[in-house]
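The primary structure of each chain is shown beneath.
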Amino acid sequence: MIRYISTQQSLFEGFKHPFDQELDEKNRWVILANAIPWDTFASYYYSVMSRDHGAPCKDARIVLGALIIKHEQNLSDRDTLKMIQENIYLQYFVGLPSFSKHPVFSAALFVDIRKRVGKDILERMIQAMIISDESFVKKGQLKVTNVTELDYEEETNHGDLKIDASVADADIRFPLDLNLLNKTREESERMIDSLWSKSGKGSIKPRTYRRKARKDYLAFAMNKKGRNNKNGCKKQLRYLRRNITTVSILFQEFNSESPFMKRLVDKYFFIKEIYEQQFKIAEGKKVKDRIVSFHMPFVRPIVRGKLARKTEFGAKINVSISNGFAQIDQLKWNAYNEGVYLKEQVEAYYTLHGYYPARIYADKIYLNRENRGYLKDLNIQIIGKPLGRKAQSKEGKERSKILQKEMGKRNEVEGFFETCKRKYGLNNIKARRQDTSESWIASICLVYNLMKLQRKLIQKFSCAYLKLNCILVILRDFLSENIDYHQWSRNRGAEPILFF
């Protein structure tokens, strides 16, 4: 049997739409919009702006709502505005009073938003959300006095703290010295062209050998046999050295205090720094704070020692998770030992909650002797690999199994990195400035926490709905059948259920 429906589209005027109906209260964006403390977020957003000077700004809920939608859906700036323009639930989420077919603001404004809403403001928003979460209550915590003995006791310390570190990779081309030198040489040639055009073109244009340099670069870059690029780097260094000398001579014809010259002077010293670093590398010397990208000079190589990727290029973040909510405690562009910051993370937990954690889940690099002594003095239980040799006795193997099961709870912080990198693009930060890149990373952390809050609320509503449904069924049976409650339970083949 064939059932064919014509592909000819009906007229636009006759197309049916649900806009004359009510919105679904169970929609995820409606639930999330009602859960976010918009007034608190708006106060943090307006704290960096002037009340009396400047043009009127966009509403804070529209701006922050668009930022949340962008990272939750992992969209570009333009696609985010198109999505809001087309979706009525997203327009409700950003606080519009009615449906509008016009974009809420220009896509170019996203760059200014990332500059304005920096990492510090986003961290304050996350902390405000953690404090306002009503599900975090003080309870008797799990006390592990001996690895084989698990019991519950009342403590002054509450909650679990899970910490780990990872790298938020920047969206840069894989750094090769030959590519970096070629890009730097091309920028130096543009500087020479700009200086020569500003000088009035009275003198002969300096020779740069750009065609020959480009030909030499392609001869090594497109070689399929994997030929060594050291000779290619040395050639590019010679071309770059000649251009640097030419730029320094052309500088003498201009006033160093003009805005045009100040911008070019900064670029000149940056090109010179790349040349000096690459010259040392060509001689086999080690370089500190090595530059790997011309347009993103703040990015540094971070050696991770992983099997798949031994070196990563981006910001190294140190994250702590308590009660399911994540915080970025340290964000640095240079490599560092994350174990040094364990004390700061514990003290930050105390500042936020008013008490120390009962247990801390950490990797081996955090649990050195100094940190273990610090945690012992604060009566914080360490869930991690102990120092010394592995126990070979039967009792020691049983303790290791129990410890391994407890250490499995640290997978929550690993899940944070996996979710943020796969879904929210934490492994592909596309911002081009250092401050906007940090804002991008903090926005992803904020969105992760908001989605966690949304799931909690949906779970609460589902449990409340099921309980209410059960209570209504019980009341209906009692009103229709005047029987004893325990007799009613036995007839249904279940134990008495208590809901309160």
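Just so we're clear, the structure is a prediction, and the values are computed from it rather than from any experiment. (Residues numbered from 1 in each chain as written. Predicted model: local features only at pLDDT ≥ 70, side-chain atom pairs only at ≥ 80, totals over all residues. Heavy atoms only, no water.)

**Overview of the pairing of strand E6 (residues 325–332)**
- Among the 8 residues that make up E6, 6 are buried, leaving the element largely enclosed by the rest of the structure.
- The pairing of strand E5 (residues 311–322) with E6 spans 7 bridges and is classified as antiparallel. Bridge assignment links Ser322 to a residue of E6, and that residue is Phe325.
- Between E5 and E6, which pair antiparallel and follow one another directly, the connecting turn spans 2 residues, one of which, Asn323, has a positive phi of 60°. (Buried < 20%, exposed > 50% of the residue type's maximum accessible area, 1.4 Å probe, protein only. Helix = DSSP H or I, 4+ residues; strand = E, 2+ residues; numbered from the N terminus. Pairing = 2+ DSSP bridges.)

**Structural notes on empty space enclosed by the protein**
- Here the structure, examined in full by the defined rule, presents 1 cavity of 30 Å³ or more.
- Estimated volume of the largest cavity: approximately 40 Å³.
- Around the largest cavity, the lining residues are Leu161, Ser320, Ser322, Gln327, Asp329, Gln345, Ala348 and Tyr349.
- For the lining of the largest cavity, the secondary-structure elements that each account for two or more residues are E5, E6 and helix H12 (342–353).
- In terms of residue class, the lining of the largest cavity is built from 3 nonpolar, 4 polar and 1 charged. (1 Å grid on protein atoms, 1.4 Å probe; cavity = no way out; pocket = protein on both sides within 12 Å on 5 of 7 lines; lining within 4 Å. Points joined across faces, edges and corners; volume = space filled by probe spheres on them. Nonpolar A, V, L, I, M, F, W, Y, C, P; charged D, E, K, R; others polar.)

**Details of the packing of aromatic side chains**
- Counted under the stated rule, the structure contains 15 aromatic pairs.
- Centroid distance Phe251 to Tyr268: 5.4 Å. Interplanar angle 80°. Geometry classified as edge-to-face. Note that Phe251 is positioned in the loop between helix H10 (230–250) and helix H11 (259–282) and Tyr268 in helix H11, a separation of 17 residues in sequence. Of the two residues, Phe251 and Tyr268, both sit in the buried class.
- Ring geometry for Phe416 versus Phe417: centroids 5.4 Å apart, planes at 65°, classification edge-to-face. (Phe/Tyr/Trp six-rings, centres within 6.5 Å; stacked < 30°, edge-to-face > 60°.)

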